[in-house]
Each structure stands twice: as C-alpha cells, then as structure tokens.
Amino acid sequence: MSTIRPAVAGCLVLALLAACGDNGDAAPREAETATAVASPSATAGAATGTNVYAAAGPGMLSEAVRGHRELVYVPNTQSDDVTVIDPKTYKVVDRFYGGPEPQHVVPAYDLGTLYVASSRVPTGGLVPIDPRTGKSGKLINVQDVYNLYFTPDGKQGIVVAEAYKRLDFYDPTTWKRTKSLSFPECAGINHMDYSADAKTMLVSCEFANRMLVLDGVSHKKLRQFDLDVVPHGMPQDTRLTPDGKHFLVADMHADGVYVFDGAATTRTGFIPTGKGTHGIYFSRDGARAYISNRGEGSVTVLDTATLKPLTKWRIPGGGSPDMGGVSADGTVLWLSGRYDGEVYAIRTKDGKLLARIPVGAGPHGLTIWPQPGRYSLGHTGNIR
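Throughout what follows, the structure given in this document is the object of discussion. Nothing here was measured: the structure is a model prediction, and the numbers come from that model.

### Structural notes on the sheet that holds strand β9 (residues 157-161)
Pairing is antiparallel in the open sheet, where four strands are placed in the order β8-β9-β10-β11. With one partner strand each, in any of the chains shown, β8 (147-150) and β11 (177-182) form the two edges of the open sheet. For this sheet, the mean angle separating the axes of adjacent strands, direction not counted, is 25 degrees. Bridge count for strand β10 (residues 166-170) against β11 is five bridges, and the pairing is antiparallel. Bridge pairing in β11 links Leu-167 to Leu-181.

Set out below in structure tokens:
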C-alpha cells in the first residue's frame, strides 16, 4: 500500500474546486475486479469534532432542493450537448444543447439552479437548468466559463477563464462582470477550494505545474507553490478534507495527490494513487475520499483521517474515470468516462460497477442532483 512521501515545505493557502486535463494522453485499458474497501474505525474529523461537510451528510437534503428531479447531467465537450440519465434505471432520458464546449454542470450557490459552464473561446457561456423539470434555458453570454465557483457569501460568481489566465467575478443574478483578475503565472488556471474559515483559496495552475494561494476576501495573491514530484506536472482537482486540516490536489502527470496543510501555508506530503490522477470526491460521512485515476481506469479509496489508501477499484474492461460526484444517499459514485463516451455508476460499498452508460463525445464535469447541503461553492458539487 502506498504511503505519504514527505515534501519540501512551502507557502500556500487555499483551494476552490474544478476538473480538467483535456490534454492528457489516454492510457491502455486494464481489467480487474473491484476489491472490498475496509471500513474506517472512525469518521473523519472525530478527533477535533470538525467536519466542514457536516451539512452534506447522507440524505440531508434541504428545503431548497425539495421537488427537484433525481437526474444525472453529463456535459459532453466534443458534441456540445448534455446527456441526462435517470439514476434509478441507468437509462438516458434526455439530451439538450450545452453551449460551446460544455465543461461542467455546476449547482448555483442557493441550489436553485444548475449551470452548464461552456468555454470555447472567444465565446463560451452558461446554460441554466431548472432542476425541478430537468429542462434547459437560454444560453447566457459569459466568456470562457471553463469552471464556475461562488464566494462563501454567495454574492459573487467566480468564472475560471482558463484560456485567458483570469478569474472573472460576476453578479450571479444579472451575470454582469464586476471584477477581473489576471494571473499570467497560472497557465491553465483550473480548480479551487476554500479553507475551513474561508480566509484563503487554493487554486491549481494545470499547465504551469504550480498552485496559487489567494486571500479569500480581496482575492489578492498571497504566495505560490511550484510543484516538483515531476518536472511537467498537471495539478487538477483541489479539495479541502472534511476535518479542514488538509488540502488535497490531484496531479494527472505526477499520478498522485499533493497534500497541503488546511491553511495552505505548507506542502506536507504526496500520495501516489494511480496513472492520470484527476478528481477527488468525499463519502457522505466524510470518512473516505474517492480519487479517480483517469489514465488507468481506477478509483483509489483514501482514508481521510490517516490519508492512507485503503484500496483501489478497477473498472472491469478498463475506462477513463474523470469528474462526477456521490449520490445523495452516499451509495453510488458517478464518474464520466472522458475518453470513452460513457458514464460509470460505482457502488461505494465495494467498488462494484453497477452500470456503464453510453453518452456523448468527451464527457467531463458530470453532476448528480439533488445533493445534500446548505450552499454550493461551485464545481460539480462542492457543497457545505
């Protein structure tokens, strides 16, 4: 079993969230049956009593999502559409236009709308979805929406304009831009998350092999970490652990997860997980992290209390698991198959593949809805 490798100390602060790595190479398929995951003896954060996702536990649906249809939305980057799946039958029930190069389906801060973020330059945009009906609305013209996040108070939407190395801030009711910040040192600006106190943000720079730390209020740069496990790393999804003590950053070329302290001031380790490490999702009780390895068709299950891998699930017949989320009851992990035009439904109890569903071309930031929690910080379901 892989262990954490100590890392050179640095200075960082926080993270928002997202998913990317369009330029990664597809890997040969590998068949293997899933192995059972060990049950952690205690839930994450038990020692401190802290769980930043405590309001997003199994079945804890808020009034804001009452009456929303149970559906899985899959944006297909190459076919410019969104495939809609019934999670109970695993059948495709609808398909609609997702904007020019749709990347992620993002829950709004108040959980009342879903947005398809599309990024083909020079246009891009947001396609709203009414989660009560599952039907899409008219494209909103917003430039280069590779990813979408929200400030912790919900007053601003943060558009990750990857092609322009910018974070653009918008009024989330009118979608008028209020501020734009350029980060020329952050090629491939991509995924983000906030510290537990929301005072800092950690942001991945996919094509620069580094992480930026920003002030959570002013959004000014505080420091950066240049990553060094491999010379041409590709940091991807960035998430705060449930106990608020660590940031985890998936790196698709380093084939593992960087670890930073919960204030993003120091890099504390690196955990090898598998080829093409890409997405990070937490179990509904916060005890485990599901880490997708896109290049080898597997999911590494990590104990969030010890940061040690528990097991690895291989997708039978191979695959390219990318972005997604966990069902409201916590029993199913849904992931898009980026190179294979398919979606995987994986049982979280033991890693059994429940369904492999054909969708459009280049499926990416899949979202299952509804999800538990009080408010959304963005991406495919960073909900607290």
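That covers the picture; the talk isn't over yet.
### A look at the state of the cysteines
Counted by the stated rule, this structure contains one disulfide. Each disulfide pairs two cysteine sulfurs, and for Cys-186 the partner residue is Cys-205, the sulfurs being separated by 2.0 Å. Between Cys-186 and Cys-205, the S-S dihedral sits near -105 degrees, and the bridge is therefore left-handed. Of this pair, Cys-186 sits in the loop between β11 and β12 (189-194) while Cys-205 sits in strand β13 (residues 200-205), and the two are 19 residues apart along the sequence. Taking the relative accessible area as the measure of exposure, Cys-205 reaches 0% and is therefore buried.

### Quick look at the packing of aromatic side chains
Within this structure, the stated rule accounts for eight aromatic pairs. Ring geometry for Tyr-170 versus Trp-175: centroids 6.1 Å apart, planes at 50 degrees, classification tilted. Side by side, Tyr-170 and Trp-175 carry an identical accessibility label, which is buried. Ring-pair connections join several aromatic residues into one group, and the members of that group are Tyr-115, Tyr-170 and Trp-175. Over the ring of Phe-169 we find Lys-179, and its NZ or CZ is 4.5 Å from the ring centre.

### Quick word on the pairing of strand β22 (residues 298-303)
With respect to burial, β22 is a largely interior element, six of its six residues being buried. Here β22 shows no split at all, with Ser-298, Thr-300 and Leu-302 on one side and Val-299, Val-301 and Asp-303 on the other all buried. Bridge count between strand β21 (residues 288-293) and β22: six bridges; the pairing is antiparallel. Across the sheet, residue Ile-291 finds its bridge partner in β22, namely Thr-300. Connecting β21 to the next strand, β22, in antiparallel fashion are four residues, including Gly-297 with a positive phi near 70 degrees. The sheet contact formed by β22 and strand β23 (residues 308-314) spans six bridges and is antiparallel. Across the sheet, the residue bridging to Val-299 is Trp-313, located in β23. Joining the antiparallel neighbours β22 and β23 is a turn of four residues, in which Leu-307 adopts a positive phi near 60 degrees.

### Thoughts on the nonpolar core
Ranked by internal contacts, the top residues of the largest apolar core, which has 26 residues, are Leu-202, Met-211, Leu-248, Tyr-258, Phe-260 and Leu-302. Of all elements in the fold, only β14 (210-215), β17 (246-251), β18 (256-261), β19 (267-272), β20 (277-282) and β21 reach the threshold of two or more residues within this core. Residues within four places of Leu-248 in sequence aside, it is in contact with Asp-237, Thr-238, Arg-239, Thr-241, Val-257, Tyr-258, Val-259, Ile-280, Phe-282, Leu-302 and Leu-307. By size, the runner-up hydrophobic cluster in this structure holds 16 residues, among which are Tyr-149, Ile-158, Met-201 and Cys-205.

Rules used throughout
Residues numbered from 1 in each chain as written. Predicted model: local features only at pLDDT ≥ 70, side-chain atom pairs only at ≥ 80, totals over all residues. Heavy atoms only, no water. Pairing = 2+ DSSP bridges. Helix = DSSP H or I, 4+ residues; strand = E, 2+ residues; numbered from the N terminus. Axes fitted to C-alpha atoms, helices over the stretch in contact; angles between N-to-C directions. Disulfide = S-S within 2.5 Å. Buried < 20%, exposed > 50% of the residue type's maximum accessible area, 1.4 Å probe, protein only. Phe/Tyr/Trp six-rings, centres within 6.5 Å; stacked < 30°, edge-to-face > 60°. Lys NZ or Arg CZ within 6 Å of the ring centre and 35° of its normal. Core = buried A, V, L, I, M, F, W, Y, C linked by side-chain atoms within 4.5 Å. Contact = heavy atoms within 4.5 Å.

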